[in-house]
Amino acid sequence: MKIGIIGAGNIGGNLTRRLTALGHDVSVANSRGPETLKELAEETGATPVRAEEAARGAEVVVVTVPLKAVPDLPSGLLDGAAQDVAVIDTGNYYPRQRDGRIAGIEDDGLTESRWTERQIGHAVIKAFNGTYAQDILDRHRPAGDPGRMALPVAGDDEAAKRKVRALIDELGFDTVDAGGIDDSWRQQPDTPVYGLRGGTEAVTEALAGASPERKPEFRG
Ligand SMILES: NC(=O)c1ccc[n+]([C@@H]2O[C@H](COP(=O)([O-])OP(=O)(O)OC[C@H]3O[C@@H](n4cnc5c(N)ncnc54)[C@H](OP(=O)(O)O)[C@@H]3O)[C@@H](O)[C@H]2O)c1
């Protein structure tokens, strides 16, 4: 499958490694340009591209940049993607450490992924946001393995969600349907499921036990 990855850091780099290893055709971009991605390209066989080119022909696009950088992404980011492209959003809001205060999230009460959807002008599927980047490399397991981890996946587009869940299964993880994007606060930072290394039952319970309250340390 043709996959575009925008962001080549902890998460984008490791998704590039695993998805190329599984035989996918991966294009990867960062903010500094393809010439700075030579090493990752040589290691993985991925094609380094500019951010505006990453989605071309892609059936899946992963947006995995710091939240504060989302408004800086090129306009028309998804032009040229497959018509039914699934856009994965791995983002988290860290107002104090990294992102600064984002009014849409704090004043308008948007979930982090709804805010991202509005910035990029496309529906997203929220996945991997609570997964340690290293776990993508180290903790994948075959289907049915008793130690297989499960990841929550939220999104409004059911077909796109199915496509993303199938890809995550291929990557070696179970998934739990965490509802739509308005429900995705249940997997944001500081919730019980965030960073949880558990199976489907534990993830389902953790999602159910989440509180919508945003604590002061997670506010700008
Ligand atoms: N680290 C984790 O374990 C983890 C786990 C789950 C979710 N997340 C979330 O996933 C997102 C990415 O995290 P990360 O740790 O992978 O970040 P990171 O290591 O800081 O990497 C960020 C990447 O985004 C690129 N980037 C920044 N601005 C860009 C722009 N305008 N256009 C294109 N690329 C741009 C950077 O490129 P340059 O280097 O060229 O600037 C870099 O490759 C964050 O929201 C984070 O909270 C992280």
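Okay, so let's go over this structure. Treat the numbers as computed from the prediction; the structure is a model and nothing was measured. (Residues numbered from 1 in each chain as written. Predicted model: local features only at pLDDT ≥ 70, side-chain atom pairs only at ≥ 80, totals over all residues. Heavy atoms only, no water.)

1. Considering the side chain of Arg114
Along the chain, Arg114 falls in helix H5 (residues 112–120). Under the relative-accessibility criterion, Arg114 is labelled buried at 16%. Not counting residues up to four positions away in its chain, the partners in contact with Arg114 are Asp156, Ile181 and Asp182. (Helix = DSSP H or I, 4+ residues; strand = E, 2+ residues; numbered from the N terminus. Buried < 20%, exposed > 50% of the residue type's maximum accessible area, 1.4 Å probe, protein only. Contact = heavy atoms within 4.5 Å.)

2. With respect to the nonpolar core
Counting residues in each nonpolar core, the largest one holds 28 residues, and the members touching the most others are Ile5, Leu15, Leu19, Phe128, Val164 and Ile168. At the level of elements, strand S1 (2–6), helix H1 (10–21), strand S2 (25–29), strand S4 (60–63), strand S5 (86–89), helix H6 (133–138), strand S7 (150–155) and helix H7 (158–171) are the ones that each hand at least two residues to this core. The element best represented in this core is H7, accounting for 5 residues. The residues touching Ile168, leaving out its near neighbours within four places in the chain, are Ala127, Phe128, Leu151, Val153, Phe173, Asp174 and Thr175. Ala29, Ala58, Val63 and Val65 belong to the second-largest nonpolar core, a separate cluster that totals 26 residues. (Core = buried A, V, L, I, M, F, W, Y, C linked by side-chain atoms within 4.5 Å.)

3. A closer look at the pairing of S7
Counting buried positions along S7 yields 6 of 6 residues, so the element is predominantly enclosed. Here strand S6 (residues 125–126) pairs with S7 via 2 bridges, running antiparallel. Bridging from a neighbouring strand, Ile125 pairs with Gly155 of S7. Here S7 runs beside strand S8 (residues 174–177); their pairing, made up of 4 bridges, is parallel. Within S8, the position partnered with Pro152 by the bridge is Val176. With H7 bridging S7 and its parallel neighbour S8, the resulting β-α-β unit is right-handed. (Pairing = 2+ DSSP bridges. Right-handed = clockwise from strand over helix to strand, strands pointing away.)

4. Brief notes about the pattern of salt bridges
Applying the stated criterion across every chain yields a total of 18 salt bridges. Glu53 is the partner of Arg50 in a salt bridge, and the nearest nitrogen-oxygen pair spans 3.2 Å. Overall, Glu53 belongs to the partly exposed group, its relative accessible area being 22%. Between Arg197 and Asp135 there is a salt bridge whose closest N-O contact spans 2.7 Å. Here Asp135 lies in helix H6 and Arg197 lies in the loop between S8 and helix H8 (200–208), a separation of 62 residues in the sequence. (Salt bridge = Lys/Arg side-chain N within 4 Å of Asp/Glu carboxyl O.)

5. Regarding the site of the ligand
In the vicinity of the ligand, 23 residues are found, and the nearest of them are Ala8, Asn10, Ile11, Ser31 and Arg32. At a separation of 2.9 Å, an oxygen atom of the ligand approaches a polar backbone atom of Ile11. Within the side chain of Arg98, an N or O atom sits 3.1 Å from an oxygen atom of the ligand. Coverage of the ligand by the protein amounts to 78% of the 910 Å² it exposes when considered alone. (Near = heavy atom within 4 Å. Polar contact = N/O pair within 3.5 Å; in protein donor to acceptor, adjacent residues only side chain to side chain. Areas by Shrake-Rupley, 256 points an atom, 1.4 Å probe, with all protein chains shown as cover.)

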